[in-house]
Amino acid sequence: MPTSFTVVPVEAQGEERQRDGQQREEEDEGDERDRGTGDGIARESSPFINCAELGRRSMYEGKNMALFEEEMDSNPMVSSLLNKLANYTNLTQGVVEHEADEDSKRKEVKGPQMGTFIGVYLPCLQNILGVILFLRLTWIVGTAGVLESFIIVFMCCACTMLTAISMSAIATNGVVPAGGSYYMISRSLGPEFGGAVGLCFYLGTTFAGAMYILGTIEILLTYISPSAAIFKVADAGEETEAMLNNMRVYGTCIVILMAIVVFVGVKYVNKLALVFLACVILSIIAIYAGVIKTAFDPPDFPICLLGNRTLSKRSFDVCAKFTESNNETKTTPLWLLFCDSSLLNATCDEYFSLNNVTEIQGIPGITSGVLTDNLWSAYSEKGSIVEKKDQPSIAGSEESKMGGLPYVFTDIMTYFTMLVGIYFPSVTGIMAGSNRSGDLKDAQKSIPTGTILAISTTSFIYLSCIVLFGACIEGVILRDKFGEAVNGNLVVGTLAWPSPWVIVIGSFFSTCGAGLQSLTGAPRLLQAIARDGIVPFIQIFGHGKANGEPTWALLLTVGICEIGILIASLDSVAPILSMFFLMCYMFVNLACAVQTLLRTPNWRPRFKYYHWTLSFVGMSLCLALMFICSWYYALIAMLIAGCIYKYIEYRGAEKEWGDGIRGLSLNAARYALLRVEDGPPHTKNWRPQLLVLLNLDNEQLVKHPRLLSFTSQLKAGKGLTIVGSVLQGIYLDKCTETHKAEENVKALMGVEKTKGFCQIVVSPNFRDGISYLIQSAGLGGMKHNTVLMAWPQSWKQAENRFSWKNFVDTVRETTSAQQALLVAKNIDLFPTNQERFTEGNIDVWWIVHDGGMLMLLPFLLRQHKVWRKCKMRIFTVAQMDDNSIQMKKDLQMFLYHLRLNAQVEVVEMFENDISAFTYEKTLMMEQRSQMLKQMQLSKNEREREAQLIHDKNTASRSAPAVEASVAAAVPEKVQMTWTKEKFVAEKHKNKDSNVSGFKDIFNMKPNQSNVRRMHTAVKLNGVVLNKSQHAQLVLLNMPGPPKNRKGDENCILYCIDSIFLEIENYIFCDSAITCWDNHY
């Protein structure tokens, strides 16, 4: 766990700044006194031991914690830490409470005082119980039947209950800032999941506002004031279109009005929340009171049936074909709706003529036994007539046109999965308590208790209402969505006591309040996501008014809400927000399951009644409900979340929140590494796993950035890439430079899009540091098998730290480690990732078999856009005794089996005499090599001379004091090694040997073996220059150094320089491994 804390109470910020200023002044005044403490280290003042009377020098005197004096500068004492943690406020940084005074800054923050009942239970109750309960639950019961409705409600309530259990575990695992589900998911699953699901939850909350506003308008225009409709019904069958247009006009006006209210004063919305909640509770009490009343005195709501068809009573008041008055039969307004005149012999609708008009009781009561009739479903197509099943009916010979007749029609096609999507929004709102965690007295106790109690209460209400509605109300009334058969009354209102208006008015204010709450909460959720900085394109919505009001976020919320209002159908909007809420709940369950299975040390929730299996079941249920509601909406919601996830991953700010996905990745990586460790990879799975050796300058900047460009082109993000470098020195002294170098290398890797790991090694010797990297880079089975480095351009300089000796030793070590070595010469001339070759060749000079590495490199490079249009050419060298034609055929067959397309050419190199140029070049190479050795030897001798003088002076000073002890401890034959005469003689001896050595250089003859090597290099340069001078890249086997380490090692570097004279881009390959076989 981290040992550094920055925990500053809000009310103490000013005081701490003042104390910090005083402490700095005291530190300046006492600085000189502290320098004389004996250890040469100035003492720092500690804010954790406060004594005003004592000076700074005596601050620790007499204290029993003086042993930890040095640590107090960076790590606080426990007593001070606990004191600050006790005053910790869980308000999010930079967020000002919206209820604060807008004209002055808050000077004092009142401690949170809300308990479980007021802070969690009632808000959850208000958000869960809403528009669906009053407007659609009776219709769902009538359509799906009591049994299937019970299943629908039970599934949805089980989903929210399991989610609440998971949420309680997450919410009680530490302090949850105000922000609800977004903070829980993002801090548990990481910024990518948090941002994606947070934005989906924001969209769900916004569309919920649209749904509540549409519910408000439906109550207003259908049940309170139908005459207020702007668009009137001109012809039969246009009722639905007129209603939708009215919804759009009124909805736009109401959403603008609500936005103004939210913008002007959120505190008034919060204060009215209790009023809206009271309306909900009174409405539910009225429903239960009405149910009880039906047991002994059912309300009088007659229904008019023609045969078994339900009639709408909006156009007539008498349920009869004709009436008897004064012994005279008169036709009724109902007769005129089905007949062409009021006469008894008029021509009427065939079905009207064949069937009688009957009147039944719409609310027969709980004791009537109507429950058995409502147990089963009655799904129907769009435009079907609502019919009573057991009512006698005579069908006509052919169905007449039913348009314009006063039947009750179904407005949409109904089926089980559609009803699930419409109902699910009625169980959302379980996050209301966690959203207010900043205002709770004890959030870790209140959130689980209040949320689970609220879900239990609302689940009981919904399940009991299903049974009670099915037991009290006639089925045709239940399926009458808009109450047309009961004179346009709200169906659930007909059951309520003392009056249907209790439900109508209560539901109206309830939906108004819910809409205001959505328009209040959604902008703040978007503001929280924007202020986290994980989604760059929405950062503007993190700004607002001076008091923190999210003005820009409110405007966006209103715009999205307007989209839902333009849809204008509550039944169409409900499945949309169901998708977003279900996705949010699914990831809450996933977060709890992941944290539980990972068993991270930080996962210690106070809520103990959870298990990963419950979270997994809840997650699976959420996913199932998404596809049950609407599979295409589910796919669209997942696509939106996936796009946001990838955008955050690609462009978003990097956040480290200790999330579970990172822990899951670590576990998966550990498991994979253990599996890979079982054995070496098969040749079919072989690919270059690179260790890239970079050279840094004095500013810790990369000298050859193009080496990383070439790495990206070669790897294309596949396989392992380790970018390493060596700093010379001691790690304790080079710690700062190491971090700086690592940051610079990682920044360049990001620019060059090199996906891999960075490893900086500090070593007293540069040569040893390279050896450490080659031996130890990587982990387990994920180790490099190929080393990529730049050709040492200044290898001829003896003082260069990457001299020829270091290079030769690196070549030897990669060979010993069974690794391939790639050496890029003229790396600064290689193409960048932005360049594109429109033509050209990649030439491979295959001289010795290297296991297939040379064949593999062009194939991998051509996968990248830079080299994609280059062609591959393979050259091989034929000796005097070789059959060139047969070699070419064999090579072509070999490439055919490897499935590589390349042009093949065999180059013949015949034996000829060694030229004078080759002889002279070899001689100059050996002379220079010998001269460098003599110069190095002279340097060593000079160093030894200086050391001898130092030893002599030290011995002469200490001789009197040490003489007695030496005589006693050392045998008599030991004497002083150096005298003045010996020293002078040795000096002249070394000088004479050096002079004679330099004379021998000009009389030496070249080694015949070196002459043959140089001869081969010069001839090879000729054929390569002839064939590949204009190639974009040339690859060649690198000749290895002599096996005898005491031999002339730098000869090989001269030969390599000679091979590629006047050629720009080329790579040497030295492979000690088999890359592929014939079955690759």
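Rules and cut-offs
Here the residue numbers are simple positions, counted from 1 along each chain's written sequence. A pLDDT threshold of at least 70 governs which residues receive local features in this predicted model, and a stricter bar of 80 or more applies before side-chain atom pairs are shown or counted, although totals over entire chains, interfaces and linings include all residues. Water and hydrogen atoms play no part in the side-chain values, which are based on all heavy atoms of the structure. Numbered from the N terminus, helices here are DSSP runs of H or I no shorter than four residues, and strands are runs of E no shorter than two. Accessibility here uses a 1.4 Å probe with only protein chains present; expressed as a share of the type maximum, an area under 20% marks a residue as buried, one over 50% as exposed, and anything in between as partly exposed. Residues are treated as being in contact if the distance between any of their heavy atoms lies within 4.5 Å. The protein chains shown are the only cover counted for residues, whose accessible areas, like all others here, come from Shrake-Rupley with a 1.4 Å probe. Any N or O atom pair separated by 3.5 Å or less is treated as a polar contact, with the protein-specific requirement of one donor-capable and one acceptor-capable atom, and with residues adjacent in sequence counted only for side-chain atom pairs. Multiply 1.5 Å by the residue count of a helix minus one, and that product is the helix's expected span. Whenever a pair of cysteine sulfur atoms sits within 2.5 Å, that pair is classed as a disulfide. Whenever a carboxyl oxygen of Asp or Glu lies within 4 Å of a side-chain nitrogen of Lys or Arg, that contact is scored as a salt bridge. Helix axes are fitted only over the stretch in contact, all axes being lines through C-alpha atoms; the angle between N-to-C directions runs from 0 to 180 degrees. In these notes the angle categories are as follows: under 35 degrees is roughly parallel, over 145 is roughly antiparallel, 65 to 115 is roughly perpendicular, and the rest is oblique. Here a crossing is called left-handed whenever its near helix is offset anticlockwise from the far helix by less than a right angle, and right-handed whenever the offset is clockwise. Polarity classes work like this: nonpolar for Ala, Val, Leu, Ile, Met, Phe, Trp, Tyr, Cys and Pro, charged for Asp, Glu, Lys and Arg, and polar for all others, with Gly in that last group. As a per-residue measure, pLDDT reflects the predictor's confidence and takes values from 0 up to 100. Only strands joined by at least two bridges in the DSSP assignment are considered to pair. What the arc covers is the set of directions going from the helix axis to the C-beta atoms. Aromatic pairing here means that ring centres of Phe, Tyr or Trp (its six-membered ring) are within 6.5 Å. Orientation follows from the plane angle: under 30 degrees is stacked, over 60 is edge-to-face, and everything else is tilted. A positively charged side chain is recorded as over a ring if its NZ (Lys) or CZ (Arg) lies within 6 Å of the ring centre. The angle to the ring normal must also be within 35 degrees.

Engineer: What's the story with the overall build of the protein chain in this structure? I'm lost.
Structural biologist: Each helix and strand counted, the protein chain has 33 helices and 15 strands in total. By residue count, 49% of the 1080 residues in the protein chain fall in the buried class. Taking all contacts inside the protein chain whose residues are at least 6 apart in sequence as the whole, residues at least 24 apart take part in 81%. As displayed, the protein chain offers around 53,700 Å² of accessible surface, 57% of which is attributable to carbon and sulfur atoms.

Engineer: What exactly am I supposed to notice about the side chain of Asn 785 here?
Structural biologist: Tracing the sequence through the fold places Asn 785 in the loop between α26 (766–776) and β9 (786–790). You can call Asn 785 buried: its relative accessible area is 14%. One polar contact links the side chain of Asn 785 to the main-chain carbonyl oxygen of Arg 687, over a distance of 3.2 Å.

Engineer: I tried to follow helix α27 (residues 804–816) on my own but got confused; where do I start?
Structural biologist: It helps to recall that an α-helix has 3.6 residues per turn; residues three or four apart then point in one direction. In a regular helix each residue adds 1.5 Å, so 13 residues correspond to 18 Å; α27 covers 18 Å between its end C-alpha atoms and thus fits that length. Regarding α27, the residues found buried are Trp 804, Asn 806, Phe 807, Val 808, Asp 809, Thr 810, Val 811, Arg 812 and Thr 814. Downstream of α27 by a residue or two, Gln 818 has a phi angle that is positive, lying close to 60°.

Engineer: What is the right way to look at the state of the cysteines in this model?
Structural biologist: The term disulfide refers to a covalent linkage connecting the sulfur atoms of a pair of cysteines. Going through the model one piece at a time under the given rule, you end up with two disulfides. Here Cys 339 is linked by a disulfide to Cys 348, with a sulfur-sulfur distance of 1.7 Å. Measuring handedness by torsion sign, the sulfur bridge of Cys 339 and Cys 348 sits at about 105° and is right-handed. Using a relative accessible area of 18% as the deciding quantity, one classes Cys 348 as buried. Cysteine pairing in the protein chain follows 1-2, 3-4, where each cysteine in a disulfide is numbered by its order in the sequence.

Engineer: What is the right way to look at the pattern of salt bridges in this model?
Structural biologist: Pairing between side chains of opposite charge can happen when their charged atoms approach one another. Enumeration according to the criterion identifies 17 salt bridges in this entry. Between Glu 474 and Lys 388 there is a salt bridge, with its nearest N and O atoms 2.6 Å apart. Of this pair, Glu 474 sits in the loop between α15 (443–472) and α16 (475–478) while Lys 388 sits in the loop between β5 (357–361) and α13 (416–423), placing them 86 residues apart in sequence. Between Lys 746 and Glu 742 there is a salt bridge, and its shortest N-O distance comes to 3.3 Å. Within this pair, Lys 746 and its partner Glu 742 are both found in helix α25 (residues 731–752), separated by four residues, close to a single helical turn. On the basis of relative accessibility, which here comes to 22%, the residue Glu 742 falls in the partly exposed class. Salt bridges here are not isolated pairs; linked through shared partners, they connect Arg 136, Glu 218, Asp 411, Lys 481 and Asp 571.

Engineer: Help me understand the packing of helix α8 (residues 191–224) against helix α19 (residues 551–567), please; the structure alone is not making it clear to me.
Structural biologist: Geometrically, a packed helix pair is captured by the angle between its two axes and the distance between the axes. Axis separation between α8 and α19 bottoms out at 8 Å; the angle between their running directions is 55°. When the axes of α8 and α19 are compared, the pair comes out oblique. When the axes of α8 and α19 are compared, the crossing they make is right-handed. Contacts between α8 and α19 involve Tyr 202, Leu 203, Thr 206, Phe 207, Gly 209, Ala 210, Ile 213 and Leu 214 from the first element and Ala 553, Leu 556, Thr 557, Ile 560, Cys 561, Gly 564 and Ile 565 from the second. Classifying every residue of the contact of α8 with α19 gives 11 nonpolar, four polar and no charged.

Engineer: Explain unusual backbone geometry here, please?
Structural biologist: Only a minority of non-glycine residues have a phi that is not negative, and only a minority of peptide bonds are not trans. The omega torsion of the bond from Trp 497 to Pro 498 falls at 15°, within 30 degrees of zero and hence cis. Following the sequence through the fold, Pro 498 ends up in the loop between α17 (491–495) and α18 (500–532). Positive phi is not limited to glycine here, since Asn 487 has a value of about 60°. Its location among the elements puts Asn 487 in the loop between α16 and α17. Located in the positive-phi region is Gln 700, a residue other than glycine, with phi close to 60°. You can see Gln 700 is positioned in the loop between β6 (690–693) and α24 (706–715).

Engineer: Sorry, what's going on with the packing of α13 against helix α21 (residues 612–629) here?
Structural biologist: Across the interface, α13 lies against α21 with an axial gap of 7 Å and an inter-helix angle of 115°. Of α21, the residues touching α13 (which contributes Thr 417, Met 418, Val 420 and Gly 421) are Leu 625, Ile 628 and Cys 629. A per-class count over the contact of α13 with α21 returns five nonpolar, two polar and no charged.

Engineer: Mind showing me how you'd approach the side chain of Ser 166 here?
Structural biologist: Secondary-structure assignment places Ser 166 in helix α6 (residues 137–171). Note on Ser 166: relative accessible area 1%, which makes it buried. When sequence neighbours within four positions are dropped, the list of residues in contact with Ser 166 reads Val 588, Asn 589, Cys 592 and Ser 615.

Engineer: Where do I start with the confidence of the model for the protein chain in this structure?
Structural biologist: One rule of thumb: low pLDDT means the predicted coordinates there are not for detailed reading. For the protein chain, the average pLDDT comes to 78, and 72% of its residues sit at 70 or higher. Under a pLDDT of 50 for its full length, residues 23–63 has, in the predicted model, 41 contacts with residues more than four places off or in other chains. With pLDDT under 50 throughout, residues 1072–1080 is counted as low confidence; its partners more than four residues away or in other chains account for 36 contacts.

Engineer: I keep staring at the environment of Glu 241 and nothing clicks. Help me out?
Structural biologist: Mapped onto the fold, Glu 241 is located in helix α9 (residues 239–264). By relative accessible area, Glu 241 is classed as partly exposed at 46%. Remark: the alpha-carbon pair of Glu 241 and Ala 568, spanning 327 residues in sequence, is separated by 10.0 Å.

Engineer: Which parts of the structure should I look at to understand the sheet that holds strand β2 (residues 309–310)?
Structural biologist: Strand-to-strand pairing in sheets goes through backbone hydrogen bonds, with the strands running parallel or antiparallel. Strand order in the open sheet formed by three strands is β2-β1-β5, and the pairing between neighbours is antiparallel. In the strand order of this sheet, the two ends are held by β2 and β5, each with one partner.

Engineer: So what exactly am I meant to see when it comes to helix α22 (residues 631–651) here?
Structural biologist: Compared with an ideal rise of 1.5 Å per residue, which puts 21 residues at 30 Å, α22 spans 30 Å between its outermost C-alpha atoms and is within 8% of the ideal. Of all the residues in α22, the buried ones are Ala 634, Ala 637, Ala 641, Ile 644 and Ile 648. End-on view of α22: buried residues confined to an arc of 100°, all on one side of the axis. Facing away from the buried side of α22 by more than 90 degrees, the exposed set consists of Trp 631, Leu 639, Tyr 650 and Arg 651. Check the buried side of α22 and you find it contacts α8, α20 (570–598) and α21.

Engineer: So what exactly am I meant to see when it comes to the packing of aromatic side chains here?
Structural biologist: How two aromatic rings sit relative to each other is set out by the distance from centre to centre and by the angle between their planes. Scanning all chains against the criterion turns up 24 aromatic pairs. Geometrically, the ring pair formed by Phe 201 and Phe 581 is edge-to-face, given 5.5 Å between the ring centres and 80° between the ring planes. With Phe 201 in helix α8 and Phe 581 in helix α20, this pair connects stretches of sequence that are 380 residues apart. Each of the two residues, Phe 201 as well as Phe 581, counts as buried. Between Phe 710 and Phe 830, the aromatic rings sit 5.6 Å apart at their centres with planes inclined by 90°, giving edge-to-face as the arrangement. Here Phe 830 lies in the loop between β10 (820–825) and β11 (841–846) and Phe 710 lies in helix α24, a separation of 120 residues in the sequence. By relative accessible area, Phe 830 is classed as buried at 1%. Grouping aromatic residues by their ring pairs yields a cluster made of Phe 322, Trp 335, Phe 338, Phe 352, Tyr 407 and Phe 409. Taking the ring centre of Tyr 407 as reference, the NZ or CZ of Arg 309 above it sits at 5.3 Å. Cation over ring: Lys 321 sits above Phe 352, and NZ or CZ is 4.6 Å from the ring centre.

Engineer: For this particular structure, what's the right way to read the environment of Ile 540?
Structural biologist: On the secondary structure map, Ile 540 appears in the loop between α18 and α19. For Ile 540, a relative accessible area of 46% gives the class partly exposed. A sequence separation of 10 residues divides Ile 540 from Ala 530, and the C-alpha atoms of the two residues are 7.2 Å apart.

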